[in-house]
Amino acid sequence: MNTAQQFSPGRACSLEQVPHWDLSTDVLVVGFGAAGACAAIEAVVAGASVTVLEVATSGGGSAALSGGEVYVGGNGGTDVQREHGFADTTEALRQYLLMAGGPAADAERISVYAENAQSHFNWLREQGVPFKGSYLPGKWIEPPTDDTLLWSGNEKSWPYNIVAEPAPRGHTVQFEGWGGGKVLMQVLCERAQTLGATIQYNSRALALIRDRESRVVGVVARIDGDIRYIEARQGVILCAGGFICNSQMVKRFVPAALACELQVSAGNDDGSGIRMGISVGAATVNMQEFFATLPFFPPASLVKGIFINAHGQRFINEDSYHGRVAHHVMRQPEERAWLLVDDEIFGRPIIQQDMKISAVGETWQEVEQELGLPTGSLVRTVDEFNRLAAEQQDPYLHKTAEWLRPLTVPPFAAISYCRGDYQGHAFTLGGLSTRPTGEVLDGDAKPIAGLYAAGRTACGLPRWGEGYSSGLSLGDSTYFGRLAGRTVAQQTQN
Ligand SMILES: Cc1cc2nc3c(=O)[nH]c(=O)nc-3n(C[C@H](O)[C@H](O)[C@H](O)COP(=O)(O)OP(=O)(O)OC[C@H]3O[C@@H](n4cnc5c(N)ncnc54)[C@H](O)[C@@H]3O)c2cc1C
């Protein structure tokens, strides 16, 4: 009798090893999170029979723990954007996403998304996802209220603000406080089931099955403890999340993420989807990239502080998205950095109330001495910053005027963002190489027959830690999950 230990996501199973099919379906989706639920909905609507394997005992994945913030806009704006005076153009969204995608941005995928993000928002609402439609100005990580629209990335900060006309694009599911992802996933999972997708909980996909022509034809799974062979007549869609919970993969591919102690995950981002893809020859993209944050605000007043490194130098415009700030903080010399604040802007970050204060003084000189920095280094930096901030200028790092204020009200303090003194949060952005349609590509950029992927199993829109904006992962997972579902289902009609 075959046991689960015989199978590995890293080793494909040949069709000859399959004794019989226990189940047969047109479309087999692995993972019932953001991408998987949307893939299932579209595939079933297109007329395919759909089975979803979900290792957990309920659906939702990491998306169910998320803030439920979805990054959408373009086409003149969603009705929510328009109602609040933001006529967001497709070109502005496209330019922003190109920059956010970093050196390996996928221009084709970005164009597809920019053109369709606004209608995708409408689609989410048609499924029953509630969005209140109100606008919350200011700088937030997630809305503390049930408001919908907020600035969720780098739109208003340099250099993004000179490349793309800024618009708020974070559309958050209506839910009082943090955690709107629960509502998002409840709606999408119920919808998939109501439409007729078969969901197998407590079911782990163990390995892909491929035939002699190297076509992926199914999956070996452990369902309620038993080994099962499932035929996927039209294709398998891997929607199993990323790999932040797989310490070996993190060490191997994205060691910089080890600086972040907290995994942004519901716990099953073990890389099994990516490994299954690799087992049949899939190429990977940007495996070294990760979302990171050290949420140094709210309160937003802290954004008026300045980050310095062990040389007493500034290095980032602090009004950038918190994930961009995190990446810059983490790569400072000796992984040491501090946020300098004065009494007027001081507050405790709501996510890390017990932050470490490394130095306090009545003068900046005292703070410099307590931190043990080279004489004059911090004082010179603060003096220069204060002189220019009083004129509403930051010619070095281009912090916008809204956040510029001299730090002159004692006592002064240095909040530590040195490695070990804060808890960073991370999830992975690298994954399988795919077309926007979800087709998984091999090393020659040729589709692997029968195999598709979406969400964090694929390397999608969010693929550069420094460029990440809140809502990009859910926007990408839900939209490209849909495209993958539709693409595979259309195979049945050929
Ligand atoms: C606290 C928190 C807040 C967040 N806030 C936001 C936000 O506001 N906006 C945003 O864009 N992103 C946010 N994210 C990130 C976002 O939720 C994820 O990146 C997103 O859910 C990825 O979607 P996915 O479909 O790839 O993975 P998931 O939603 O995690 O779904 C993957 C599913 O696959 C299942 N699975 C894994 N392996 C197997 C296997 N071998 N067999 C069967 N099933 C398997 C998992 O159990 C899971 O249900 C947040 C995440 C967290 C944890």
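One can find the structure itself at the top, above this paragraph.
Right, let's walk through the structure included here. Computed from a prediction, not measured in an experiment: that's the story for all the values here.

Focus: the side chain of glutamate 155
With respect to the secondary-structure elements, glutamate 155 resides in the loop between β5 (149-150) and α5 (160-163). Although glutamate 155 is buried, it makes no salt bridge; arginine 169 carries the closest opposite charge, 4.7 Å away. Within the structure, glutamate 155 has its side chain in polar contact with the side chain of tyrosine 71 (distance 2.7 Å). Apart from residues no more than four positions distant in its own chain, glutamate 155 is found in contact with Tyr71, Tyr96, Tyr160, Asn161, Pro166, Ala167 and Arg169.

Side note on the site of the ligand
Residues in contact with the ligand amount to 37 residues; listed here are only the nearest, Glu54, Ser62, Arg456, Ser473 and Leu474. The separation between an oxygen atom of the ligand and a polar main-chain atom of alanine 34 is 3.2 Å. One of the backbone N or O atoms of glycine 67 is found 3.0 Å from a nitrogen atom in the ligand. With the chains in place, 92% of the 1000 Å² that the ligand exposes on its own is no longer accessible. Tallying contributions element by element places helix α12 (residues 472-493) first for the shell around the ligand, with four residues. Its residues assigned to classes, the shell around the ligand comprises 16 nonpolar, 17 polar and four charged.

A few points about empty space enclosed by the protein
Overall, the coordinates contain two cavities of 30 Å³ or more when judged by the stated rule. The calculated volume of the largest cavity comes to roughly 40 Å³. Around the largest cavity, the lining residues are Arg109, Thr434, Arg435, Pro436, Gly438, Ala453, Ala454, Gly455, Ala458, Gly460, Asp476 and Phe480. Across the lining of the largest cavity, the residue classes tally to five nonpolar, four polar and three charged. Residue lining of the second largest cavity: Val329, Met330, Glu335, Tyr417, Arg419 and Tyr422, and that is the complete set. Looking at the lining of the second largest cavity residue by residue, the classes come out as four nonpolar, no polar and two charged.

Observations concerning helix α6 (residues 181-195)
Counted at 1.5 Å a residue, the expected span for α6 with its 15 residues is 21 Å, and the 21 Å between its end C-alpha atoms agrees. Residues of α6 that are buried: Gly181, Val183, Leu184, Met185, Val187, Leu188, Cys189 and Ala192. Residue glycine 196 follows α6 closely and has a positive phi angle near 120 degrees.

A closer look at the sheet that holds strand β4 (residues 69-71)
Taken in spatial order, the three strands of this open sheet run β4-β6-β5, and their pairing is antiparallel. Here the strands that pair on one side only, and so sit at the sheet edges, are β4 and β5. Bridge analysis of β4 against strand β6 (residues 170-172) gives three bridges, and the strand direction is antiparallel. Note that in β6 the partner of valine 70 across the bridge is histidine 171.

Section: a nonpolar patch on the surface
Taken together, the side chains of Trp158, Ile162 and Val163 define a hydrophobic patch exposed on the protein surface, amounting to about 280 Å² of accessible area. Among the secondary structure elements, isoleucine 162 is positioned in helix α5. For isoleucine 162, a relative accessible area of 63% puts it in the exposed group.

Comments concerning the pairing of strand β10 (residues 226-238)
Both strand β2 (residues 23-30) and β10 contribute to a ladder of seven bridges, which runs parallel. Considered in β10, the bridge of valine 29 is made with isoleucine 237. Two strands pair when backbone bridges link them, and strand β9 (residues 216-223) and β10 are joined in this way by six bridges, in the antiparallel orientation. Among the inter-strand pairings, alanine 221 is bridged to a residue of β10, identified as arginine 228. The hairpin turn running from β9 into β10, its antiparallel successor, is two residues long, and aspartate 224 in that turn takes a positive phi close to 50 degrees. As judged from the three bridges shared by β10 and strand β21 (residues 447-453), these two strands associate in the parallel manner. The residue bridging leucine 238 from the neighbouring strand is alanine 453, located in β21.

Cut-offs applied
- Residues numbered from 1 in each chain as written.
- Predicted model: local features only at pLDDT ≥ 70, side-chain atom pairs only at ≥ 80, totals over all residues.
- Heavy atoms only, no water.
- Helix = DSSP H or I, 4+ residues; strand = E, 2+ residues; numbered from the N terminus.
- Buried < 20%, exposed > 50% of the residue type's maximum accessible area, 1.4 Å probe, protein only.
- Lys, Arg positive; Asp, Glu negative; His and termini not counted.
- Salt bridge = Lys/Arg side-chain N within 4 Å of Asp/Glu carboxyl O.
- Polar contact = N/O pair within 3.5 Å; in protein donor to acceptor, adjacent residues only side chain to side chain.
- Contact = heavy atoms within 4.5 Å.
- Near = heavy atom within 4 Å.
- Areas by Shrake-Rupley, 256 points an atom, 1.4 Å probe, with all protein chains shown as cover.
- Nonpolar A, V, L, I, M, F, W, Y, C, P; charged D, E, K, R; others polar.
- 1 Å grid on protein atoms, 1.4 Å probe; cavity = no way out; pocket = protein on both sides within 12 Å on 5 of 7 lines; lining within 4 Å.
- Points joined across faces, edges and corners; volume = space filled by probe spheres on them.
- Expected span 1.5 Å × (residues − 1).
- Pairing = 2+ DSSP bridges.
- Patch = residues over 30% accessible without salt bridge, like charges linked within 9 Å, V, L, I, M, F, W, Y side chains within 5 Å.

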